[in-house]
Amino acid sequence: SAVISQKPSRDICQRGTSLTIQCQVDSQVTMMFWYRQQPGQSLTLIATANQGSEATYESGFVIDKFPISRPNLTFSTLTVSNMSPEDSSIYLCSVRADPNQPQHFGDGTRLSIL
Amino acid sequence: QQPVQSPQAVILREGEDAVINCSSSKALYSVHWYRQKHGEAPVFLMILLKGGEQKGHEKISASFNEKKQQSSLYLTASQLSYSGTYFCGTAPGGSARQLTFGSGTQLTVLP
């Protein structure tokens, strides 16, 4: 399975600032996704990162708040903008080679906003 | 729409069996099962594709009934290492590829 490296693994940020999370995969993958998981909760899809075009966002998530880049088939970034305490969560990168293959997760970024 | 998982929580003794169910209101193309331990990322267990396939991995197996839009995860002769939260992720048919996850089932295996 693909090896997924996510950085940073954790961070503590000030209210109103922005943080960019990186996701690097050791092989080319068709599909890359960004999820959020709040403590004790399920995984919520933020967006699908599309290579070479704008990401596809789920209901409740907007590009101005969560801009995503995907310059190639092995790398993506998620920025959490103008952070507030409600953004404190675990953010996970997830990849799948194709629809018939397993989907794997990075180790996640644990984000706390003060 | 989020698939429905049941039960929400289950407590077992080592060696006992458990079944976790996942149902969707939408037609499904695939179901993925994951186990997540506290403070860790979800770990992939198995994928079931449209076709009523059943899969097995050691003492963990799963079934997928596409007509009923349901999947079940079977844990037999449970071990302490099976403790964690189990999630099903479902992908609908058509062009949609993203997984939507159920609310999770917390499994605790006691010695």
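Remember, predicted model here, so these are calculated numbers, not experimental data.

The next subject is the overall build of chain A. Of the regular secondary structure elements, chain A holds 0 helices and 11 strands. Starting at the N terminus and ending at the C terminus, chain A contains elements arranged as β-β-β-β-β-β-β-β-β-β-β. For 114 residues, the compact-globule formula gives about 13 Å, and the C-alpha radius of gyration of chain A, at 13 Å, lands near that figure. Looking at chain A as a whole, 50% of its 114 residues qualify as buried. Contacts in chain A between residues at least 24 apart in sequence constitute 54% of all its contacts with a sequence separation of at least 6. With an accessible surface of roughly 5300 Å², chain A has 47% of that area assigned to carbon and sulfur atoms.

Glancing now at the layout of surface pockets. If a probe as big as a water molecule is rolled over the atoms, it shows which places are left empty. Looking at the largest pocket, its volume works out to about 520 Å³. For the largest pocket, the lining is made up of 21 residues, of which A:Gly40, A:Gln41, B:Gln36, B:His38 and B:Thr85 are closest to its centre. Every element with two or more residues in the lining of the largest pocket is listed here: strand 9 (89-96) of chain A together with strand 9 (84-92) and strand 11 (105-110) of chain B. Looking at the lining of the largest pocket element by element, the count peaks at 3 residues for strand 9 of chain B. Partitioned by chemical class, the residues of the lining of the largest pocket number 3 nonpolar, 15 polar and 3 charged.

Attention now moves to the packing of aromatic side chains. On inspection of all chains with the given rule, the structure shows 9 aromatic pairs over all chains. Judged by centre distance (6.5 Å) and plane angle (40°), the rings of A:Phe66 and A:Tyr91 are tilted. Within this pair, whereas A:Phe66 is found in the loop between strand 6 (56-57) and strand 7 (68-72), its partner A:Tyr91 is found in strand 9, the two being separated by 25 residues in sequence. Residue A:Phe66 shares its accessibility class with A:Tyr91, and that shared class is buried. Members of the aromatic cluster, connected to one another through ring pairs, are A:Phe33, A:Tyr35, A:Phe105, B:Tyr34, B:Phe44 and B:Phe101.

Residue and element names in this part refer to chain A. Taken as a whole and judged by the stated rule, the model has 1 salt bridge over all chains. The residue aspartate 87 makes a salt bridge to lysine 65 at a minimum N-O spacing of 2.6 Å. In this pair, aspartate 87 sits in the loop between strand 8 (75-80) and strand 9 while lysine 65 sits in the loop between strand 6 and strand 7, placing the two residues 22 residues apart along the sequence. With respect to burial, aspartate 87 and lysine 65 carry one shared label: buried.

All names here are of chain A. By the definition in use, this model includes 2 disulfides over all chains. Each disulfide pairs two cysteine sulfurs, and for cysteine 23 the partner residue is cysteine 93, the sulfurs being separated by 1.9 Å. Taking the torsion about the sulfur-sulfur bond, which here is approximately -65°, the covalent link between cysteine 23 and cysteine 93 counts as left-handed. Pair noted here: cysteine 23 is in strand 3 (residues 19-25) and cysteine 93 is in strand 9, with a separation of 70 residues, a long-range link.

Contact with chain B, which involves 19 residues of that partner, is made by 23 residues of chain A. Where chain B touches chain A, the interface holds 6 residue pairs in polar contact (both at pLDDT 80 or more). Elements with a minimum of two residues in the side of chain B that touches chain A: strand 4 (28-36) and strand 5 (43-49) of chain B. The greatest single-element share of the side of chain B that touches chain A, amounting to 4 residues, is contributed by strand 4 of chain B.

The next point concerns the pairing of strand 8 (residues 70-75) of chain B. Residue and element names in this part refer to chain B. Two strands pair when backbone bridges link them, and strand 3 (residues 18-23) and strand 8 are joined in this way by 6 bridges, in the antiparallel orientation. Within strand 8, the residue paired with valine 19 across the bridge is tyrosine 74. Relative to strand 8, strand 7 (residues 60-65) runs antiparallel, the two sharing 6 bridges. Bridge pairing in strand 8 links serine 63 to serine 72. The turn linking strand 7 back onto strand 8 is made up of 4 residues, and glutamine 69 within it adopts a positive phi angle of 55°.

Another aspect to go through is the sheet that holds strand 1 (residues 4-7) of chain A. Residue and element names in this part refer to chain A. Ordered by their spatial adjacency, 4 strands build an open sheet running 1-3-8-7, and the pairing between neighbours is antiparallel. The open sheet has two edge strands with one neighbour each: strand 1 and strand 7. Each strand of the sheet is rotated relative to its neighbour by a mean of 15°, with strand direction disregarded. Inspection of the sheet shows strand 3 paired to strand 8 by 6 bridges, in the antiparallel sense. Following the sheet pairing, threonine 20 is matched in strand 8 by threonine 79.

Rules and cut-offs
- Residues numbered from 1 in each chain as written.
- Chains lettered and ligands numbered in written order.
- Predicted model: local features only at pLDDT ≥ 70, side-chain atom pairs only at ≥ 80, totals over all residues.
- Heavy atoms only, no water.
- Helix = DSSP H or I, 4+ residues; strand = E, 2+ residues; numbered from the N terminus.
- Rg over C-alpha atoms; globule rule 2.2 N^0.38 Å.
- Buried < 20%, exposed > 50% of the residue type's maximum accessible area, 1.4 Å probe, protein only.
- Contact = heavy atoms within 4.5 Å.
- Areas by Shrake-Rupley, 256 points an atom, 1.4 Å probe, with all protein chains shown as cover.
- 1 Å grid on protein atoms, 1.4 Å probe; cavity = no way out; pocket = protein on both sides within 12 Å on 5 of 7 lines; lining within 4 Å.
- Points joined across faces, edges and corners; volume = space filled by probe spheres on them.
- Nonpolar A, V, L, I, M, F, W, Y, C, P; charged D, E, K, R; others polar.
- Phe/Tyr/Trp six-rings, centres within 6.5 Å; stacked < 30°, edge-to-face > 60°.
- Salt bridge = Lys/Arg side-chain N within 4 Å of Asp/Glu carboxyl O.
- Disulfide = S-S within 2.5 Å.
- Polar contact = N/O pair within 3.5 Å; in protein donor to acceptor, adjacent residues only side chain to side chain.
- Pairing = 2+ DSSP bridges.
- Axes fitted to C-alpha atoms, helices over the stretch in contact; angles between N-to-C directions.

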